[in-house]
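What follows is each chain in one-letter form.
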Amino acid sequence: MRAFTTHTGRALPLDRADVDTDQIIPAVHLRRIERTGFGPFLFEAWRKDPSFVLNRPEHAGATILVTGPNFGGGSSREHAVWALEDHGFRAILAPSFADIFRNNCTKVGLLPVELPETAVRTLMGLVAAEPATEITVDLRARLVTAPGVEQPFAMDDFTRWRLLEGLDDIGLTLRHEDEIAAFERSRPARLPSLAPPPAPAG
Amino acid sequence: MGTAPMTLAEKVWERHVVHRAEGEPDLLYVDLHLVHEVTSPEAFDGLRMAGRALRRPDLTVATMDHNVPTGPGPIDPVSVRQMEALSRNCREFGVTLYPTGDRGQGIVHVIGPQMGLTQPGLVIVCGDSHTSTHGAFGALAFGIGTSEVEHVLATQTLPQKRPGTMAITVEGDLPPGVSAKDVILGIIARIGTGGGVGHILEYRGSAIRSLGMEGRMTVCNMSIEAGARAGVVAPDDTTYAWLERTPHAPTGPAWEAALEEWRSLPTDDGAAFDAEVEIDAGSLRPHVSWGTNPAQTVTIDDVVPEPADDAAARALAYMALSPGTPIRDIRPDTVFIGSCTNSRLTDLREAAAILRGRRVAPGLRAMVVPGSMLVKHQAEREGLDEVFRRAGFDWRDAGCSMCLGMNPDQLAPGERSASTSNRNFEGRQGAGGRTHLVSPAVAAATAVAGHFATPEDLGP
């Protein structure tokens, strides 16, 4: 996973609520078997409208997405996160996120930042008035700053630590391999299974 | 010393904690990992790149559903490549696979329950948000992303922060013509697309208990449309009767032991939920969505509402609908009966009962996509395929099909559907397509009438 410590960049204001993952990346593009190459299809349907915010030259190169509540609902497709990342986004600021999407972001290293709705509105206003406005997202300090804005945000210590260090979850879990094995020994044999269990080690 | 009363979801959770530490998510054991072709290839690649083994191939089962063809015609090479990748990965890692063309193939959330792999008290995950379906059996089942799929493949566990619990109690008798689909659409209309975020929903009350397993699956399936990763229903005799007929159910003394454990699962009297919602079953009617998210839904007797905000105005523009239009005056071009929400035998029986001796309205395209090849064969044994064909429906092979428009089963731009699926997002069933979510009964009646209708509207 890509580590995240602090990032400063320009923002894209996407003033919509309930943006679902079908909008972020339509299903027809999920037939690829790689993690890469989804960026060109980001918001594909909306991008067909030349006035869509992602098409506006003044927002070219934006790396922070500022958007409405319940972002990323619907399908669990991690491709949505890959598409946003592939396009160049490093952080998303929104009043709320859908659960699976938020989880997927924290596994990939795209930072989901939950801010009060008023702060999101303020940031959108700043960026609309001056597209070159730079926003800084500091995960160490759990703080979003922009001209006239200093907004703390919450993130649990464990997720923050993983993101700051760019740690692989599987590696972390395998530290508890003994406990996993012990749990497996305690599972009743009647539980459903598809094949004979693997032969015991040794 | 007694233990504090617990909810069903809390009991299942607590019985699966492998590791718990202050300030960390719980590490949960996964009893069953369902895999399909779309969200798994990158996860298997990850295992290979890290040189990791698949920890429990015996607790992993794969099928092809999202991307498979359901009718004749050529398959595009990109889709073939994805299906071949799943075959190769399953061979290499020793995973049981039900590929396209196999009798066991079907939508992942249809085959798990039909095989009896889905059982009460299990933790079940899949790289698909509608994994919540399996909660109908009293399992804790939720959708995960591809990174998490890789994590489960490698460790058979998942680090998870425990969500809150929300009771949704539907008390009373469901009026005639009101199905499980109408119950869940009514619930989502009430609590909203974000109403369940951060919670496991528990559906309770006499109206829920009166539903069969397939109806309960329809309800739990759409938990995610209310923002909840999981929804559960307490197991009861209806659950055990379903399980008893399945090939993977325990037998003999193991069945008795299982029953004893399953009976300990329902929420204890006095257990507290973090949130509670009550719905009067008697007030429910057949529902039809008018907008571009599943909460934008009214009853079939209503009119298209005045937009309450910008989002609603946008949705109306996308759907090409004007406020005040009676729902019954809206005329779809396509009727789709299928998806992990409504493609099981009971759904097909309900639709066929309405279509028997009737014809699809002229010019309307209608298709049925059974949820699994087993459902297809069972329906054919009952002659349902003939009823659908004679009415003018296309009778397809199993798959996700037009629910998500990944294979060629898609709406054309501007085309309008009455669909038994779960999402009416913009472009969900094909770029520019307009989706109205309905029950199988309303879908069938609508196909005949040519406009949104209930079976009663068709007359005797």
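Residues numbered from 1 in each chain as written. Chains lettered and ligands numbered in written order. Predicted model: local features only at pLDDT ≥ 70, side-chain atom pairs only at ≥ 80, totals over all residues.

Trainee: In this structure, what is going on with the overall build of chain B? I would like to understand it.
Mentor: Counting its regular elements, chain B contains 15 helices and 19 strands. The C-alpha radius of gyration computed for chain B amounts to 21 Å, which stays within 12% of the reference 23 Å derived for 460 residues, consistent with globular compactness. Structurally, chain B occupies a C-alpha span of about 60 × 55 × 45 Å along its principal axes. By residue count, 61% of the 460 residues in chain B fall in the buried class. (Helix = DSSP H or I, 4+ residues; strand = E, 2+ residues; numbered from the N terminus. Rg over C-alpha atoms; globule rule 2.2 N^0.38 Å. Buried ≥ 20, exposed ≤ 12 C-beta atoms within 10 Å, placed from the backbone.)

Trainee: Explain the overall build of chain A to me, please; I cannot follow it from the model alone.
Mentor: What chain A contains, in helices and strands, is eight helices and seven strands. When the 202 residues of chain A are sorted by exposure, 43% land in the buried category. Summarising the internal contacts of chain A: among those between residues at least 6 apart in sequence, 73% fall at separations of at least 24. (Contact = placed C-beta atoms within 7 Å.)

Trainee: It is not clear to me how unusual backbone geometry should be interpreted in this structure. Could you clarify?
Mentor: One can expect most non-glycine residues to show negative phi and most peptide bonds to be in trans. Residue and element names in this part refer to chain A. The phi angle at phenylalanine 43 is positive, at roughly 50 degrees, despite the residue not being glycine. On the secondary structure map, phenylalanine 43 appears in the loop between helix 1 (21-24) and helix 2 (44-47). Classification of phenylalanine 43 as buried rests on a count of 21 C-beta atoms within 10 Å.

Trainee: Before we go on, may I ask you to explain the interface of chain B and chain A in this structure?
Mentor: Interfaces are frequently sized by the accessible area removed from exposure as the parts join. Counting residues at the interface gives 65 residues for chain B, matched by 48 residues for chain A. Elements that contribute at least two residues to the side of chain B that touches chain A include exactly strand 1 (17-19), strand 2 (26-29), helix 2 (41-50), helix 3 (77-93), helix 5 (146-155), strand 8 (157-160) and helix 10 (253-262) of chain B. Tallying contributions element by element places helix 5 of chain B first for the side of chain B that touches chain A, with seven residues. For the side of chain B that touches chain A, a count of residues per class yields 26 nonpolar, 27 polar and 12 charged. (Nonpolar A, V, L, I, M, F, W, Y, C, P; charged D, E, K, R; others polar.)

Trainee: Explanation requested: the sheet that holds strand 11 (residues 230-232) of chain B in the structure shown.
Mentor: Hydrogen bonds between backbone atoms are what pair the strands of a sheet, whose relative direction is either parallel or antiparallel. Residue and element names in this part refer to chain B. If you trace the four strands from one edge of the open sheet to the other, you get 11-10-9-12, paired in parallel fashion. If you trace the sheet from one side to the other, it starts and ends with strand 11 and strand 12 (275-280), each paired once. Between one strand axis and the next, the sheet turns through 20 degrees on average, direction left out of account. Strand direction decides the pairing type here: strand 9 (residues 164-171) and strand 10 (residues 199-204), joined by six bridges, are parallel. Looking at the pairing, isoleucine 168 lines up with tyrosine 203 of strand 10. (Pairing = 2+ DSSP bridges. Axes fitted to C-alpha atoms, helices over the stretch in contact; angles between N-to-C directions.)

Trainee: Quick question: what am I supposed to make of helix 15 (residues 440-449) of chain B here?
Mentor: Residues spaced three or four apart along an α-helix face the same direction, because each turn holds 3.6 residues. Residues and elements named next belong to chain B. Most of helix 15 sits out of view: nine of its 10 residues are buried. Every buried residue belonging to helix 15 is among Pro440, Ala441, Val442, Ala443, Ala444, Ala445, Thr446, Ala447 and Val448, and all of these are buried. Lining the buried residues of helix 15 we find strand 13 (287-289), strand 15 (334-337), helix 12 (345-355), strand 16 (365-368) and strand 18 (416-419). Positive backbone phi, approximately 85 degrees, marks glycine 450, located one or two places after helix 15.

Trainee: Any chance you could explain the sheet that holds strand 6 (residues 143-146) of chain A here in plain terms?
Mentor: Residue and element names in this part refer to chain A. Ordered in space as 4-3-2-1-5-6-7, the seven strands form an open sheet in which the pairing is mixed. Whereas interior strands pair on both sides, the edge strands pair on one side only; in this sheet they are strand 4 (111-114) and strand 7 (149-152). Averaged over all adjacent pairs, the angle separating strand axes in this sheet is 25 degrees, with direction ignored. With five bridges joining them, strand 1 (residues 6-14) and strand 5 (residues 134-138) adopt antiparallel strand pairing. Looking across to strand 5, one finds that threonine 6 is bridged to aspartate 138. Docked against the sheet, helix 5 (residues 117-129) engages strand 1, strand 2 (64-67), strand 3 (91-94), strand 5, strand 6 and strand 7, running at close to 85 degrees with respect to strand 1.

Trainee: How do you make sense of the environment of methionine 213 of chain B when you look at a structure like this?
Mentor: Residues and elements named next belong to chain B. Topologically, methionine 213 is positioned in helix 8 (residues 213-221). Taking the number of C-beta atoms within 10 Å as the measure of exposure, methionine 213 has 19 and is therefore partly exposed. Measuring from C-alpha to C-alpha, the distance between methionine 213 and proline 113 comes to 9.4 Å, with 100 residues separating the pair along the chain. If we ignore the near neighbours within four places in the chain, the residues touching methionine 213 are Ala136, Thr238, Thr239 and Trp242.

By themselves, these observations are geometric and do not establish any function.
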